[in-house]
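Okay, here's what each chain looks like letter by letter:
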Amino acid sequence: LRFSFDVDEDGPSMVLVARRAAALVYYDAATAADKTHAAAWHGWGSMEKNLGNYQRARELYIKGVRLVPPMDASAHLYHSLGVMALERGRISEAREHFRQGVRTEAGAKSGAIWRSWAMLEAKAGDEEQARKLFQKGLRGNKIITIFILT
């Protein structure tokens, strides 16, 4: 499922509220049918985040991380947790989510996690750590490496 949600300064519109209600039915059904459905947890969490419900989004992402077996772990869940923590100014928490994410098979190959973690370290002033993380991200992602080298 993919839904587009726009929230303006006045809050969610009536159309948005109706779309959220419809989406909740589908996300609830998807996660009830398969508690290990990483994409459903991620989509639901992202919808809540886009609506400004950060705590609910965090809960859903974490629930997905806990319920999805480690061999099927979703890099998207860890990445979203890390990015959201970073956006909320929770640097240590963001670092930990990125660290946990790259310990999974999918996360180790995720250029997005490595890049976000590297940017965090660069902004924190640790250029050497940022460089190492960027390099690890390039090793894990052949498409990005080829793109950069061409």
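Look above for the structure.
Reference entry: report on the structure contained in this document. (Residues numbered from 1 in each chain as written. Predicted model: local features only at pLDDT ≥ 70, side-chain atom pairs only at ≥ 80, totals over all residues. Heavy atoms only, no water.)

## So, the overall build of the protein
Next up, step 1: Counting its regular elements, the protein contains nine helices and zero strands.
Next up, step 2: Starting at the N terminus and walking to the C terminus, you meet the elements of the protein as α-α-α-α-α-α-α-α-α.
Next up, step 3: Within the protein, the proportion of its 150 residues that are buried is 36%.
Next up, step 4: As displayed, the protein offers around 9200 Å² of accessible surface, 54% of which is attributable to carbon and sulfur atoms. (Helix = DSSP H or I, 4+ residues; strand = E, 2+ residues; numbered from the N terminus. Buried < 20%, exposed > 50% of the residue type's maximum accessible area, 1.4 Å probe, protein only. Areas by Shrake-Rupley, 256 points an atom, 1.4 Å probe, with all protein chains shown as cover.)

## Some remarks on the packing of helix α5 (residues 91-102) against helix α7 (residues 111-123)
Next up, step 1: Orientation of α5 relative to α7, taken along the N-to-C sense of each, is 150°, at an axis distance of 10 Å. Considered as vectors, α5 and α7 are oriented roughly antiparallel to each other. Of the two elements, α5 crosses α7, and the hand of that crossing is left-handed. Together, Ile-91, Ala-94, Arg-95, Phe-98, Arg-99, Gly-101 and Val-102 of α5 and Ile-113, Trp-114, Ser-116, Trp-117, Leu-120 and Glu-121 of α7 make up the contact between the two elements.
Next up, step 2: In terms of residue class, the contact of α5 with α7 is built from eight nonpolar, two polar and three charged. (Axes fitted to C-alpha atoms, helices over the stretch in contact; angles between N-to-C directions. Parallel < 35°, antiparallel > 145°, perpendicular 65-115°, else oblique. Left-handed = near helix turned anticlockwise from the far one by under 90°. Contact = heavy atoms within 4.5 Å. Nonpolar A, V, L, I, M, F, W, Y, C, P; charged D, E, K, R; others polar.)

## Here's the deal with helix α3 (residues 54-67)
Next up, step 1: Between its first and last C-alpha, α3 extends 20 Å over 14 residues, near the 20 Å set by a 1.5 Å rise per residue.
Next up, step 2: Among all positions of α3, only Ala-57, Leu-60, Tyr-61, Ile-62 and Gly-64 are buried.
Next up, step 3: As for α3, its buried residues are in contact with α2 (38-50) and α4 (75-87). (Expected span 1.5 Å × (residues − 1).)

## What to know about the side chain of Ser-80
Next up, step 1: Positionally, Ser-80 belongs in helix α4.
Next up, step 2: Judged by its relative accessible area of 14%, Ser-80 falls in the buried class.
Next up, step 3: Ignoring any residue separated from it by four or fewer positions in sequence, one finds Ser-80 in contact with His-42 and Tyr-61.

## Comments concerning the pattern of salt bridges
Next up, step 1: Applying the stated criterion to the full structure yields eight salt bridges.
Next up, step 2: A salt bridge links Arg-20 to Glu-48; its shortest N-O distance comes to 2.8 Å. With Arg-20 in helix α1 (residues 14-33) and Glu-48 in helix α2, this pair connects stretches of sequence that are 28 residues apart.
Next up, step 3: Looking at Arg-20, the relative accessible area reads 27%, which means it is partly exposed.
Next up, step 4: Overall, Glu-48 belongs to the buried group, its relative accessible area being 1%.
Next up, step 5: Ionic pairing is found between Lys-49 and Glu-87, a salt bridge with its closest N-O pair at 3.1 Å. In this pair, Lys-49 is assigned in helix α2 and Glu-87 in helix α4, connecting sequence segments 38 residues apart. (Salt bridge = Lys/Arg side-chain N within 4 Å of Asp/Glu carboxyl O.)

## A few points about the packing of α2 against α4
Next up, step 1: Axis separation between α2 and α4 bottoms out at 10 Å; the angle between their running directions is 20°. One way to sum up the angle between α2 and α4 is to call them roughly parallel. As α2 packs across α4, the resulting crossing turns out to be left-handed. The residues of α4 that touch α2, namely those facing Ala-38, Trp-41, His-42 and Lys-49, are His-76, Leu-77, Ser-80, Met-84 and Glu-87.
Next up, step 2: Across the contact of α2 with α4, the residue classes tally to four nonpolar, three polar and two charged.

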